[in-house]
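# Summary of the model geometry
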Amino acid sequence: MKKLPAALVTLAAVVTASSVFAQAKPEEAAIKYRQAAFTVMAKHFGSLGAMANGKAPFDAKVAAADADVLAAVHGLPFTAFGPGTDKGANTKAKPQVWQKTADFNNDADKMRAEMPKLIAAARSGNFDQLKAAFDPTAKTCKSCHDSFKEK
């Protein structure tokens, strides 16, 4: 039996997790949902970063698979920062997310604008394109983390 592509497995995990989380309080479910989406993003973004920065060998097939997952999930976590999701026991989101919503949304929009460029570069099979697209995308992530995530 063939293995399912990584993107389908990851997407199935997020969908399954979201249905499990739906049984919790809505606010706690939203926090768990965004954390799950960020975890999936971090794994695949980190894989691309390791290749782009020479810490792992470039593998065009792995890069394309990582890109497929990022294409599916990079917008998901931002739907789960609603009212009441600032009070969860395990959230690392700073209060500024809800106090400076316009700034937070601006940072999220910057990431969402850069991510398709990284996805296209990762799917191209060209290391130089991946390397060139990774840093601008990583900077958008860092900016948001610096302002809106507890260390």
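Residues numbered from 1 in each chain as written. Predicted model: local features only at pLDDT ≥ 70, side-chain atom pairs only at ≥ 80, totals over all residues. Heavy atoms only, no water.

On to the pattern of salt bridges, then. Counted by the stated rule, this structure contains seven salt bridges. Close ionic contact of Lys87 with Asp86 constitutes a salt bridge, the shortest N to O distance being 3.3 Å. Across the pair Lys151 and Asp146 runs a salt bridge, and its minimum N-O distance is 3.5 Å. Assessed through its relative accessible area of 81%, Lys151 is described here as exposed. Judged by relative accessible area, Asp146 falls into the partly exposed class, the value being 37%. When salt bridges that share partners are traced, they join Lys142, Asp146 and Lys151 into one network. (Salt bridge = Lys/Arg side-chain N within 4 Å of Asp/Glu carboxyl O. Buried < 20%, exposed > 50% of the residue type's maximum accessible area, 1.4 Å probe, protein only.)

Looking at where Ala52 falls in the secondary structure, it is placed in helix α2 (residues 26–52). Not counting chain neighbours up to four residues away, the residues in contact with Ala52 comprise Phe127, Leu130, Lys131 and Phe134. (Helix = DSSP H or I, 4+ residues; strand = E, 2+ residues; numbered from the N terminus. Contact = heavy atoms within 4.5 Å.)

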